[in-house]
There are 2 protein chains.
Amino acid sequence: MNPSSANVAERRLAPPSLAISTVIFALRPSEKSGRPTLWLPLVRRIREPYKDMWALPGGPLAHDESLQDAASRNLRETTGLTPHYLEQLYAFGGLHRSPTQRVVSIVYWALVQPTEAALADESENVRWFRADRVDELAFDHKAIVEYALWRLRNKMAYGSIAYHLLGEYFTLAQVREVYEAVLDRQLDPANFRRHIKATPEIEETGEYLQGGKHRPPRLYRFTGTPGLGPDNRSTP
Amino acid sequence: MNPSSANVAERRLAPPSLAISTVIFALRPSEKSGRPTLWLPLVRRIREPYKDMWALPGGPLAHDESLQDAASRNLRETTGLTPHYLEQLYAFGGLHRSPTQRVVSIVYWALVQPTEAALADESENVRWFRADRVDELAFDHKAIVEYALWRLRNKMAYGSIAYHLLGEYFTLAQVREVYEAVLDRQLDPANFRRHIKATPEIEETGEYLQGGKHRPPRLYRFTGTPGLGPDNRSTP
DNA sequence: CCAAAAGTGTTCTTATTACACCCATGC
DNA sequence: GCATGGGTGTAATAAGAACACTTTTGG
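Please read all numbers here as calculations on a predicted model, not as lab measurements.

Description of the sheet that holds strand β8 (residues 169-170) of chain A
All names here are of chain A. Read from one edge of the open sheet, three strands run β8-β10-β9, paired in antiparallel fashion. What marks the edges here is a single partner per strand, and that holds for β8 and β9 (202-208). As paired strands, β8 and strand β10 (residues 218-222) are joined by two bridges and run antiparallel to one another. Bridged to Tyr 169 within β10 is Arg 221.

In structure tokens form, the structure reads like this:
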């Protein structure tokens, strides 16, 4: 049996390997307008296949960690960040995702706060990209990012998720900017503020944001629960 | 190294094994009222762990089949059915789901038509249960069934999914019965029919259902697409 | 004719949208 | 005082719930 047929046999017989990857979203100011836009960190592959291409942070699942812990860990390892929101996205298991072996990837998606995101590690092999402008990535990661973005938009339109992209205190205009950045359309400020104020998880504080050029806006706080999904006992 | 420490070492070092399971829903007439209710087939375990307990149909992932194909296969193997709707539910990967080894299960959920479900294989080791009355199952399968049921209810409230539990032709009252069975509450017939007729995927036929005791209701047809999820290029 | 489900109309309530307007601050 | 974003009011429209009413069948 020569080496190449050994590889073929190995591939046929070995069980599919299991990996965890994470799509990490954070707000950063756009270079041009300065308005907040969605970004995500990618890592450069240093090995074949897809050597030198950008890919989602990820890696194998350790024997003694849960799926979510693994996602949390590779988020911390690549960016130094801890997520304020972390949820399973999907398990991708197509036969030809990787040219060298069969890989099943369980992908999570995360939201991190902008104050943290600004401090995130960046290096030769870790760089942030605009979420709506990713070019070709390794494996099927471009499709995964697009799906994660679709899911984020969907959740934002229904659930109370935007707050996980903001700090503890925020103005209603900041919440609106998050919606506008993610959904990519303008929203009526008057109606939007009423809409948000109607959600019970939003609490008015006595504080105001000082230092702006105009009337100081009131600061609010989010009192809802981050957790979702069957593992966290709630609603995906 | 004695056998028991060998097992421990094996468990620590072996990668988590990967399995596919499926929650299969179908409508069947209730024994009492005769009204349609939700049922699902379970299989009896013939080996440890959880020997003799009921469990979701499932098994390992073959090296040359996609995740969805595997789900479709174990659906066919246990019940003889082909699903009219099949979608990924969630990947369960808790550390202690199985007492003997670490198992990550990628779970799908399916809807099958009642005409088929009536013919489904049933045997000593395959039996149908009412979906809202499952008792203790093997592993974490009870929680999985409850989560699948939650997801079905959620999708039914928003999307066009009820039709996959019905045959090709159906009356609006039958659609309403599906909603009432799944959501477990009465719906106003007048408002419900308007709501359904407003969906563009519902097509009126010239046919009427004959043989009833009263005025023959018109038959309708569903013209929408079943597919969802990133693998099928659409919307979960 | 009567019972019962099929199917239509009408009213009331509530959410969404568009947009006019007032308020408070820095400059 | 004036420009600007913060914040409130209001009228028009759309969507949903409640329920009275007409139609068509089998018996």
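Observations concerning the environment of Gly 224 of chain B
Residue and element names in this part refer to chain B. In this structure, Gly 224 sits in the segment after β10 (218-222). We classify Gly 224 as partly exposed; its relative accessible area is 22%. Expressed as a C-alpha distance, the spacing of Gly 224 and Glu 31, which sit 193 residues apart in the sequence, is 32 Å.

Digging into the protein's contact with DNA strand D
Close to DNA strand D lie 18 residues; Arg 194 and His 214 of chain A together with Asn 191, Lys 213 and Arg 215 of chain B are nearest. Within 4 Å of the protein, the contacting atoms of DNA strand D are 61% sugar and phosphate, with bases supplying the remainder. Contact distances for DNA strand D include 3.4 Å between a base nitrogen and a side-chain N or O atom of Arg 215 of chain A. Between DNA strand D and the protein, one listed contact pairs a base nitrogen with a side-chain N or O atom of Asn 191 of chain B at 2.8 Å. Among the secondary structure elements, those contributing two or more residues to the surface near DNA strand D are α5 (172-183) and α6 (189-198) of chain A together with α6 (189-198) of chain B. Residue composition of the surface near DNA strand D, grouped by class: five nonpolar, four polar and nine charged.

Concerning the relation of the copies chain A and chain B
Least-squares fitting of chain A to chain B yields an RMSD of 0.0 Å, with the superposition described by an axial translation of 0.0 Å and a rotation of 180 degrees. Accordingly, the operation relating the two chain copies is best matched by a two-fold axis. An overlap of 100% is found between the interface residues of chain A and their copies at the interface of chain B, pointing to a shared contact surface.

Here we look at the domain arrangement of chain A
Residue and element names in this part refer to chain A. Along its sequence, chain A is organised into domain 1 (3-157) and domain 2 (159-232). The C-alpha-based centres of domain 1 and domain 2 are spaced at 27 Å. Taken together, the 22 residues of domain 1 in the interface contact 19 residues of domain 2. Interface area, domain 1 with domain 2, both sides summed: about 1800 Å², of which 64% is carbon and sulfur. For the pair domain 1 and domain 2, the number of links is one salt bridge. A salt bridge links Glu 180 to Arg 35; the shortest N-O distance between them is 3.8 Å. Elements that contribute at least two residues to the side of domain 1 that touches domain 2 include exactly β1 (17-29), β2 (36-44), β5 (85-92), β6 (103-111) and α4 (141-158). Ranked by residues supplied to the side of domain 1 that touches domain 2, first place goes to α4 with five residues.

A few points about the pattern of salt bridges
All names here are of chain A. Here the structure, examined in full by the defined rule, presents 31 salt bridges over all chains. Of the charged contacts in the structure, one is a salt bridge between Glu 204 and Lys 197, with a shortest N-O distance of 3.5 Å. Since its relative accessible area comes to 42%, Glu 204 is described here as partly exposed.

Re the protein's contact with DNA strand C
Contacts to DNA strand C come from 17 residues, most closely from Asn 191, Lys 213 and Pro 216 of chain A together with Arg 194 and His 214 of chain B. For DNA strand C, the backbone makes up 63% of the atoms found within 4 Å of the protein, where backbone means sugar plus phosphate. With respect to DNA strand C, the side chain of Arg 215 of chain A contributes an N or O atom lying 3.1 Å from a base oxygen. Arg 194 of chain B places a side-chain nitrogen or oxygen 2.8 Å from a base oxygen of DNA strand C.

Comments concerning the pairing of strand β6 (residues 103-111) of chain B
Residues and elements named next belong to chain B. Where burial is concerned, most of β6 is hidden: nine out of the nine residues are buried. When strand β1 (residues 17-29) meets β6, the two strands line up parallel, connected through nine bridges. Bridge pairing in β6 places Ile 20 opposite Ile 106. One ladder, built from seven bridges, connects strand β5 (residues 85-92) with β6; its direction is antiparallel. Each residue of the ladder has a partner; that of Tyr 85, found in β6, is Leu 111.

Considerations on the packing of α4 of chain A against α5 of chain A
All names here are of chain A. Contact pair α4 / α5: the axes reach a minimum separation of 10 Å and the direction vectors enclose 140 degrees. Here α4 is positioned oblique relative to α5, judged by the angle of their axes. Between α4 and α5 lies a crossing of left-handed hand. Where α4 approaches α5, its residues Leu 152, Arg 153 and Met 156 are matched on the opposing element by Val 178, Tyr 179, Val 182 and Leu 183. When the residues that make up the contact of α4 with α5 are grouped by side-chain class, the tally is six nonpolar, no polar and one charged.

Considering the interface of chain A and chain B
Contact with chain A, which involves 27 residues of that partner, is made by 27 residues of chain B. When chain A packs against chain B, the two sides together hide about 2500 Å² of surface, and 65% of this comes from carbon and sulfur. It is His 63, Tyr 90 and Pro 230 of chain A that lose the most area in chain A upon contact with chain B, and together they represent 23% of the buried surface on that side. Put simply, chain A and chain B have eight residue pairs in polar contact (both at pLDDT 80 or more) between them. If you list the elements that add at least two residues to the side of chain A that touches chain B, you get β5, β6 and α4 of chain A. Looking at the side of chain A that touches chain B element by element, the count peaks at four residues for β5 of chain A. The residue makeup of the side of chain A that touches chain B, split by class, is 17 nonpolar, five polar and five charged.

Describing the sheet that holds β10 of chain B
Across a sheet, strands are paired by hydrogen bonds formed along the backbone, either parallel or antiparallel in direction. Taken in spatial order, the three strands make up an open sheet running β8-β10-β9 (chain B), and their pairing is antiparallel. Edge positions in the sheet fall to β8 (169-170) and β9 (202-208) of chain B, since each has one partner strand and no second.

How each quantity is defined
- Residues numbered from 1 in each chain as written.
- Chains lettered and ligands numbered in written order.
- Predicted model: local features only at pLDDT ≥ 70, side-chain atom pairs only at ≥ 80, totals over all residues.
- Heavy atoms only, no water.
- Pairing = 2+ DSSP bridges.
- Helix = DSSP H or I, 4+ residues; strand = E, 2+ residues; numbered from the N terminus.
- Buried < 20%, exposed > 50% of the residue type's maximum accessible area, 1.4 Å probe, protein only.
- Near = heavy atom within 4 Å.
- Polar contact = N/O pair within 3.5 Å; in protein donor to acceptor, adjacent residues only side chain to side chain.
- Nonpolar A, V, L, I, M, F, W, Y, C, P; charged D, E, K, R; others polar.
- Least-squares fit on C-alpha atoms with pLDDT ≥ 70 in both.
- Contact = heavy atoms within 4.5 Å.
- Domains from an automatic or database assignment.
- Buried area = accessible area lost by both parts, 1.4 Å probe.
- Salt bridge = Lys/Arg side-chain N within 4 Å of Asp/Glu carboxyl O.
- Axes fitted to C-alpha atoms, helices over the stretch in contact; angles between N-to-C directions.
- Parallel < 35°, antiparallel > 145°, perpendicular 65-115°, else oblique.
- Left-handed = near helix turned anticlockwise from the far one by under 90°.

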